[in-house]
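# Per-entry structural report
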Amino acid sequence: MLPSPTTADGRVPTTRATTTSFVTTPGPGTGTRPSHEHLRSTVAEYLARHPGERDALSGLLAALDGEEHPTHRASLPGHITCSGVVIDADGQVLHIEHKASGLLLTPGGHVEAGDATLLAAALREIAEETGIPPAGLVLTPEFGHTPIDVDVHRIEAAEAKGEGPHEHYDFRFVFRLAAAGSPDLVLQEEEVSGAVWLPQHEVRSPTLRAKLHDAALEGTVTPVNASAVIHDGQGRYLLHLRDVKPGIWAPGCWDLLGGGREPEDATPLDTVVRELREEAGLEIPGLRPYAVDHVPGTDGTLVPVQLFTGEWHGDPGTLTLTEGQLLAWRSLEHLPYLTMLPSTRQLLERHAAERPACHADDTGGAAGARWARAVVASAPPGTEPHIVGVHLVLEQDGKVLLGLRHPDSAYAGGMWHVLAGHCEYESATACLVREALEEAGLVIRPDDLTLVHTVHAVDRPGGRPRIQLFFRAGAWEGTPELREPDKTVAWRYEDVDGLPDTTVPYTRAALEGIRAGRPYTEMGWSR
């Protein structure tokens, strides 16, 4: 757990883990030092802001193509170092006095093995030299993970260290203090003799002083991310199922739509409007500020997130999703069964408590119940609404994946069944993609699903008829996991010619039909 920063009066700011932060993606390191790709992209981002400095950084650009790693202190004629520009609530900048030189400098030093990114190196140096942990700092929306300044300065020879004259290319990242008031500094006794907060016009580095003047940075903490709590006014929330990929925040979790501020975003509202449009082609009129949450990022810094709220009544299945697996409506009753950060669930429960709605039922919430009644009422005379089920035919080495249902399961307790679920207000393939991830941790794209069999069944006379759709997965990612042990207690690949005696009857009929090349089965109907 990350340490929590405290305010001047001893309070701990509220924190909530979430998915939405431009600092929550782990850096692209090699395992020991920042990768060349990361270094080049950081330099490119900086030069995009300061194209006039390309000539001044020619030595750095050459170092990126050198034989030695450019962050290694043995790299000559120069190498990369990192510093942290820490700004307090009054807009002052922290300087420390180095014992060896007597100079007042911002905290910083060499990149070390284990620093996955340049930003991580700066955060480590701040913590080592001043005692301020990453959780006590926030990045700025103006710069984020891009350095505010890259300074080139000459270092004279140090015979005692066996170092000749060389240059430092110092990447300077800017942070604000997360809490008001001056923190209790714990200085590194071996190298640091004192510390002082200087007004920005007295900052010792001329290049940094000029950059701070141009940026006009104040000490007030401002949101660097924005997310949207989108609801339908009837107790359902629009949630985003994230990809399952290594290196991303909260993989495979349901969360809010949103993201980090970009340079073109003048306000957090601009950010959330852009993110909704980019991620899902979604336009929500009348978005209103709801709250500001403080989120611990994976780099350890605290990330202020502006939350907005808005109402929408559309079909998520009609949206074009550019990130993640799918969008879907979810009621509060569904949340305990979803893979979701507890803090996100608490946020939605808090929002729902402030907006009382009718209690949901197993048809998809109060709105879903009204929709179902409306369907029945509006159906042509003599027709009957059907329940739609989706089923996964996952084959490996000629065998099909079956799950053993929990003995206390409401349906088919103690029996073997393919991975399956009921459609809510969503397409059949979207439902199966969701169920595969929620139940077994499998990542399947809708385009990789092919309908191979349909069962039209009724369990008993007068019972609700069901359409059972069986899809074969042509490709998938992951190995079956027991994500919902209250429903499934084991996964096992079985030969269709030797299915367990306790296989669900319509599942057996479907699998045998698929093997025989038969596309359709009827069960339970009197002819």
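Structure's up top.
Residues numbered from 1 in each chain as written. Predicted model: local features only at pLDDT ≥ 70, side-chain atom pairs only at ≥ 80, totals over all residues. Heavy atoms only, no water.

Along its 13 residues, helix 8 (residues 428-440) runs 18 Å from first to last C-alpha, staying within 8% of the 18 Å computed at 1.5 Å per residue. The element helix 8 is extensively covered by neighbouring structure, given that 12 of its 13 residues are classed as buried. All of the buried residues along helix 8 are A428, A430, C431, L432, V433, R434, E435, A436, L437, E438, E439 and A440. Backbone geometry just downstream of helix 8 places G441 in the positive-phi region, at approximately 70 degrees. (Helix = DSSP H or I, 4+ residues; strand = E, 2+ residues; numbered from the N terminus. Expected span 1.5 Å × (residues − 1). Buried < 20%, exposed > 50% of the residue type's maximum accessible area, 1.4 Å probe, protein only.)

Attention now moves to the side chain of S205. The topology assignment puts S205 in the loop between strand 8 (192-198) and helix 4 (206-215). S205 gets classed as buried once you look at its relative accessible area, which sits at 14%. Separated by 3.2 Å, the side chains of S205 and T207 make a polar contact. One polar contact links the side chain of S205 to the main-chain amide nitrogen of L208, over a distance of 3.3 Å. (Polar contact = N/O pair within 3.5 Å; in protein donor to acceptor, adjacent residues only side chain to side chain.)

A word on the sheet that holds strand 20 (residues 420-422). With mixed pairing, the 5 strands of this open sheet are ordered in space as 20-16-22-21-24. The outermost strands of the open sheet, each flanked by one partner alone, are strand 20 and strand 24 (520-523). Taken over all neighbouring pairs, the strand axes of this sheet differ in orientation by 25 degrees on average, direction set aside. Note that strand 16 (residues 387-393) and strand 22 (residues 466-473) share 7 bridges and pair parallel. The partner of L392 across the bridge, within strand 22, is F471. (Pairing = 2+ DSSP bridges. Axes fitted to C-alpha atoms, helices over the stretch in contact; angles between N-to-C directions.)

Counting 40 residues, the largest nonpolar core has L239, W254, L348, L392 and L449 as its most contacted members. Ranked by residues supplied to this core, first place goes to helix 8 with 7 residues. Excluding residues that lie within four positions of it along the chain, L449 makes contacts with L392, T429, L432, V433, I444, F471, R472 and A473. Membership of the second largest hydrophobic core comes to 29 residues, among which are A63, V111, L119 and Y169. (Core = buried A, V, L, I, M, F, W, Y, C linked by side-chain atoms within 4.5 Å. Contact = heavy atoms within 4.5 Å.)

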